[in-house]
Amino acid sequence: MSASVRDHSRVTLADDLIKQYRLPEAVTVARPTMPSLADYYKHLERIWESRWLTNAGQFEREFERRLAEYLGVEHVSLFCNGTIALLVALQALRINSGEVITTPFTFPATAHVLHWNNIRPVFCDIDEKTFNLDPHRIEQLISPNTKAILPVHVYGNPCDVEAIQSIADRHGLHVIYDAAHTFGVQLNGRPLVEHGDISMLSFHATKLFSTLEGGALVVKTEVQKTRIDFLKNFGIADEETVIGPGINGKMNELQAAYGLLQLEMIDDEIANRARLVNTYRDGLREIPGITVLDDMPDVKHNYAYFPILVNPASYGMTRDKLYTLLKELNVMTRKYFYPLCSTYPCYSALPSADAGNLPVAQRVAEQVLCLPLYGTLEKSVVRTICALLNELPTRVM
Ligand code: T4K
């Protein structure tokens, strides 16, 4: 059969599917669930009246206090975004040389903040059930240059925090969690973000909880918080004192006001997502070659993402083909996190980036696909996506 005939038959099949399943408009992987404009406008009026826009204004101070209360932690420092927060976390712990052990299965920010702090990332393979750093593989990567471990709670699913902490304690290492996805997650009835020396949260527009752009560090002591508050404000302690080389990482008043309104919506948002996740799980669990992640024991989840694995041999189609076909049908999925950070040109020459050292991460990155998930997503759309995943391998050759 010639290539053009093959293409034609594919298009005919796609036309057929398009008629049956194409969604009227694109459904994206994430969509911010926003407060009412009227409510936000009331906050904006106060900001306009006060003419106080940033630098620890009243909204920032109130949001910081209310956020700590909501999370159930003592000390929070707000930031303009999660990446700068993580950058400052390393500075706050004076980790600015040597090596840090981290995961390749993450957003670029995790590895990049190490590079920006003059630290060499050492990539460690992940666990095949949770997709988080595999604690069994950490110790063999520790060298005299190792300063810290930087794990990521991927999709909000907790890392093996006990195992990681005991390795860190044995070797005198810091633990900084990239907890970008973990807003509100609890482990054994306690906030997940209280583990490690410092945890970073991201409040980007695509996140479960958003301040447009934004982020926070959760820290253990008042002293640590004070240092971080100085560092995110150029190192300025007062009008005549600069404690060190800080940066501008402050959250502004418009972000903080938005965050206050998000706090009122977050419980409903998580509950809505939980219902949709159940619908996805019911619709996908029996499909050969599709793996869904279940809730973990002793965890209060936040349903930040809905990842699946697509095994090409048993599903009958690769993840990439599925991604493309879904896109044609207006279902915009994302390959979080493909490609692995270890494959970026800036890191691929590192010894730890060798694919042979990272077999689980390689396989997961090739098979993972995040399906649309947000509180206002219609259940009927989730059912259509499940039906599509069920039918596509038999309808498309
Ligand atoms: N560590 C980890 C583990 C992270 O996942 C992230 C960020 C960070 C650190 C860094 O934190 P921040 O410095 O960002 O606070 C998105 C986000 O930009 C990024 O924040 C997030 N992780 C990552 C997982 O997802 P992209 O490149 O996929 O974004 P984008 O623009 O393609 O958006 C995805 C979909 O969301 C769009 O197709 C439509 C929808 N969308 C997007 C935006 C920006 C909206 O509906 N409204 C919007 O305003 O990275």
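Preceding block: the structure.
Residues numbered from 1 in each chain as written. Predicted model: local features only at pLDDT ≥ 70, side-chain atom pairs only at ≥ 80, totals over all residues. Heavy atoms only, no water.

(A) Broad picture of the overall build of the protein. When helices and strands are counted, the protein shows 12 helices and 15 strands. For the protein, the C-alpha radius of gyration of 22 Å lies close to 21 Å, the compact-globule estimate for 397 residues. Considering only C-alpha atoms, the protein reaches an extent of 75 × 55 × 40 Å along its principal axes. Buried residues in the protein amount to 53% of all 397 residues. Considering only intrachain contacts with a sequence separation of at least 6, the fraction spanning at least 24 residues in the protein is 71%. In the protein, which carries 38 positive and 46 negative side-chain charges, the distance between the mean positions of the two groups comes to 4 Å. (Helix = DSSP H or I, 4+ residues; strand = E, 2+ residues; numbered from the N terminus. Rg over C-alpha atoms; globule rule 2.2 N^0.38 Å. Buried < 20%, exposed > 50% of the residue type's maximum accessible area, 1.4 Å probe, protein only. Contact = heavy atoms within 4.5 Å. Lys, Arg positive; Asp, Glu negative; His and termini not counted. Charge placed at Lys NZ, Arg CZ, Asp CG, Glu CD.)

(B) How the structure looks around the site of the ligand. Around the ligand sit 27 residues in total, of which Thr83, Asp178, Ser202, Lys207 and Tyr336 are the nearest. Gly82 is positioned with one of its backbone polar atoms (N or O) 2.9 Å from an oxygen atom of the ligand. With respect to the ligand, the side chain of Thr83 contributes an N or O atom lying 2.5 Å from an oxygen atom. For the shell around the ligand, the secondary structure elements donating two or more residues are helix 4 (82-92), helix 5 (108-116) and strand 8 (198-202). A per-class count over the shell around the ligand returns 12 nonpolar, 11 polar and four charged. (Near = heavy atom within 4 Å. Polar contact = N/O pair within 3.5 Å; in protein donor to acceptor, adjacent residues only side chain to side chain. Nonpolar A, V, L, I, M, F, W, Y, C, P; charged D, E, K, R; others polar.)

(C) Quick peek at the packing of aromatic side chains. In this structure the tally under the stated criterion is 18 aromatic pairs. Their ring planes at 70° and their centres at 5.2 Å tell us that Phe203 and Phe209 sit as a pair that is edge-to-face. Summarising the aromatic geometry, the rings of Tyr336 and Phe337 are spaced 5.6 Å apart at their centres and angled 40° between planes, so their arrangement reads as tilted. The pair formed by Tyr336 and Phe337 is uniform in burial state, with each residue classed as buried. The ring of Tyr338 is capped by Arg319, whose NZ or CZ atom sits 4.9 Å from the centre of that ring. Sitting over the ring of Tyr323, Lys335 keeps its end group 4.4 Å from the ring centre. (Phe/Tyr/Trp six-rings, centres within 6.5 Å; stacked < 30°, edge-to-face > 60°. Lys NZ or Arg CZ within 6 Å of the ring centre and 35° of its normal.)

(D) The packing of helix 4 against helix 5, seen in detail. At a minimum axis separation of 9 Å, helix 4 and helix 5 run at an interaxial angle of 45°. Put simply, helix 4 runs oblique to helix 5. Crossing of helix 4 against helix 5: the hand is right-handed. Within the contact between the two elements, helix 4 uses Thr83, Leu86, Leu87 and Leu90 and helix 5 uses Ala109, Thr110, Val113, Leu114 and Trp116. Grouping the constituent residues of the contact of helix 4 with helix 5 by class yields seven nonpolar, two polar and no charged. (Axes fitted to C-alpha atoms, helices over the stretch in contact; angles between N-to-C directions. Parallel < 35°, antiparallel > 145°, perpendicular 65-115°, else oblique. Left-handed = near helix turned anticlockwise from the far one by under 90°.)

(E) Examining a nonpolar patch on the surface more closely. A cluster of nonpolar side chains, contributed by Phe234, Ile236 and Val242, occupies part of the molecular surface with about 260 Å² of accessible area. Looking at where Ile236 falls in the secondary structure, it is placed in strand 10 (residues 236-238). (Patch = residues over 30% accessible without salt bridge, like charges linked within 9 Å, V, L, I, M, F, W, Y side chains within 5 Å. Areas by Shrake-Rupley, 256 points an atom, 1.4 Å probe, with all protein chains shown as cover. Salt bridge = Lys/Arg side-chain N within 4 Å of Asp/Glu carboxyl O.)

(F) Summary view of the side chain of Lys250. On the secondary structure map, Lys250 appears in the loop between strand 11 (241-242) and helix 8 (253-284). Here the side chain of Lys250 touches Asn55 through a polar contact of 2.7 Å, side chain to side chain. Here Asn248 takes part through its side chain, which lies 3.3 Å from a polar atom of the side chain of Lys250. Once residues within four sequence positions are removed from consideration, Lys250 is found in contact with Thr54, Asn55, Phe79, Cys80, Lys232, Asn233, Phe234 and Gln255.

(G) Representation of the side chain of Glu99. Note that Glu99 resides in strand 2 (residues 99-102). Once residues lying within four places of it in the same chain are set aside, the contact partners of Glu99 are Ile119, Arg120, Val122, Ser143, Asn145, Thr146, Lys147 and Ala148.

(H) A look at the sheet that holds strand 7 (residues 190-191). Taken in spatial order, the three strands make up an open sheet running 7-6-13, and their pairing is antiparallel. Each end of this open sheet is capped by a strand with a single partner; those strands are strand 7 and strand 13 (299-300). As defined by bridge partners, strand 6 (residues 186-187) adjoins strand 13 across two bridges and the pair is classed as antiparallel. Along strand 13, the bridge assignment pairs Leu187 with Val299. (Pairing = 2+ DSSP bridges.)

(I) Up close: unusual backbone geometry. Cis rather than trans, the peptide bond between Tyr336 and Phe337 has omega equal to 10°. For Phe337, the location among the structural elements is in the loop between helix 10 (319-328) and helix 11 (359-367). Tyr338 connects to Pro339 through a cis peptide bond whose omega is 0°. Even without glycine at this site, Arg51 takes up a positive phi of about 55°. Within the fold, Arg51 resides in the loop between helix 2 (37-50) and helix 3 (58-71).

(J) Region of interest: helix 4. Burial within helix 4 is extensive, with nine of its 11 residues counted as buried. Gly82, Ile84, Ala85, Leu86, Leu87, Val88, Ala89, Leu90 and Ala92 are the residues of helix 4 that are buried. Two or three places before Thr83, at the start of helix 4, stands the capping residue Asn81, its side-chain oxygen 3.0 Å from that residue's backbone nitrogen. Positive backbone phi, at 60°, marks Arg94, one or two positions downstream of helix 4.

(K) Inspection of the packing of helix 10 against helix 12 (residues 379-395) at higher detail. The N-to-C vectors of helix 10 and helix 12 enclose an angle of 120°; their axes lie 11 Å apart at closest approach. Relative to helix 12, the element helix 10 lies oblique. The handedness of the crossing between helix 10 and helix 12 comes out as right-handed. Contacts from Leu322, Leu325 and Leu326 in helix 10 reach Leu388, Leu389 and Leu392 in helix 12.

(L) How the structure looks around the pairing of strand 2. Judged by which residues are buried, strand 2 turns out to be covered on both faces: Glu99 and Ile101 on one side and Val100 and Thr102 on the other are all buried. Strand direction decides the pairing type here: strand 2 and strand 3 (residues 120-123), joined by four bridges, are parallel. The partner of Glu99 across the bridge, within strand 3, is Arg120. Regarding topology, helix 5 serves as the crossover connection from strand 2 to the parallel strand 3, and that connection is right-handed. Inspection of the sheet shows strand 2 paired to strand 4 (residues 146-150) by four bridges, in the parallel sense. (Right-handed = clockwise from strand over helix to strand, strands pointing away.)

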